[in-house]
Amino acid sequence: MSKAIRNATADPPIITVGDLIDELCRLPDTALVSFHCPMLEHELAFYHLRRRSKDVVEIEVNAYPQSRPANAA
């Protein structure tokens, strides 16, 4: 396994709702938010939201099959 993949799979940083709100509140209501997977180098699409417990929400995303890799300009 390459060092880049090993680093990407090792305990990714966890963000809290507060962290996310702090970042999103700086943006205008019309701003677009995109998801990106560094390992796949691909854009991701929001798929499903599931409440796992009182304090945990799971957000499922799928790779956009019709999108080009995110690093392609």
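Residues numbered from 1 in each chain as written. Predicted model: local features only at pLDDT ≥ 70, side-chain atom pairs only at ≥ 80, totals over all residues. Heavy atoms only, no water.

Novice: How do you make sense of the overall build of the protein chain when you look at a structure like this?
Specialist: Counting its regular elements, the protein chain contains 2 helices and 3 strands. Reading the secondary structure of the protein chain in the N-to-C direction produces α-α-β-β-β. Here the protein chain holds 73 residues, and 7% of them are scored as buried. Relative to all contacts within the protein chain whose residues are 6 or more apart in sequence, the contacts with residues 24 or more apart total 26%. Split by element, the accessible area of the protein chain, about 6,700 Å² in all, is 58% carbon and sulfur. (Helix = DSSP H or I, 4+ residues; strand = E, 2+ residues; numbered from the N terminus. Buried < 20%, exposed > 50% of the residue type's maximum accessible area, 1.4 Å probe, protein only. Contact = heavy atoms within 4.5 Å. Areas by Shrake-Rupley, 256 points an atom, 1.4 Å probe, with all protein chains shown as cover.)

Novice: Explain a nonpolar patch on the surface to me, please; I cannot follow it from the model alone.
Specialist: Together, Ile15, Leu20, Leu24, Leu27, Val33, Phe35, Phe46, Leu49, Val57, Ile59 and Val61 give the surface a local cluster of nonpolar side chains, amounting to about 950 Å² of exposed area. For the nonpolar patch, the secondary structure elements donating two or more residues are α2 (17–24), β2 (42–53) and β3 (56–63). With 3 residues, β3 is the single largest residue contributor to the nonpolar patch. Mapped onto the fold, Leu24 is located in helix α2. Overall, Leu24 belongs to the partly exposed group, its relative accessible area being 37%. (Patch = residues over 30% accessible without salt bridge, like charges linked within 9 Å, V, L, I, M, F, W, Y side chains within 5 Å. Salt bridge = Lys/Arg side-chain N within 4 Å of Asp/Glu carboxyl O.)

Novice: Would you mind going over the confidence of the model for the protein chain with me for this structure?
Specialist: In regions of low pLDDT, the predicted coordinates are not meant to be interpreted in detail. Chain-level pLDDT for the protein chain is 75 on average; 70% of the residues reach the 70-or-more range. When pLDDT is averaged over each element of the protein chain, α2 comes out on top at 88 and helix α1 (residues 3–9) at the bottom at 52. (pLDDT = per-residue confidence, 0-100.)

Novice: Looking at this structure, how should I read the layout of surface pockets?
Specialist: The rolling of a water-molecule-sized probe over the atoms marks out the regions of remaining empty space. Of the volumes computed, that of the largest pocket is approximately 1,100 Å³. Around the largest pocket, the lining comprises 25 residues; the ones closest to its centre are Pro13, Ile15, Leu20, Phe35 and Ile59. For the lining of the largest pocket, the secondary structure elements donating two or more residues are α2, β1 (35–37) and β3. Class assignment for the residues of the lining of the largest pocket results in 20 nonpolar, 3 polar and 2 charged. (1 Å grid on protein atoms, 1.4 Å probe; cavity = no way out; pocket = protein on both sides within 12 Å on 5 of 7 lines; lining within 4 Å. Points joined across faces, edges and corners; volume = space filled by probe spheres on them. Nonpolar A, V, L, I, M, F, W, Y, C, P; charged D, E, K, R; others polar.)

Novice: Just checking my understanding: could you explain the sheet that holds β1 for this structure?
Specialist: Backbone-to-backbone hydrogen bonds join strands into a sheet, with any given pair of strands oriented parallel or antiparallel. Spatially, 3 strands are ordered β1-β2-β3 in an open sheet, and the strand pairing comes out antiparallel. Single-partner strands in this sheet number two, and they are β1 and β3. Sheet twist, expressed as the mean angle between neighbouring strand axes with direction ignored, is 50°. With 8 bridges joining them, β2 and β3 adopt antiparallel strand pairing. Residue pairing in the sheet places Ser53 in a bridge with Val56 of β3. (Pairing = 2+ DSSP bridges. Axes fitted to C-alpha atoms, helices over the stretch in contact; angles between N-to-C directions.)

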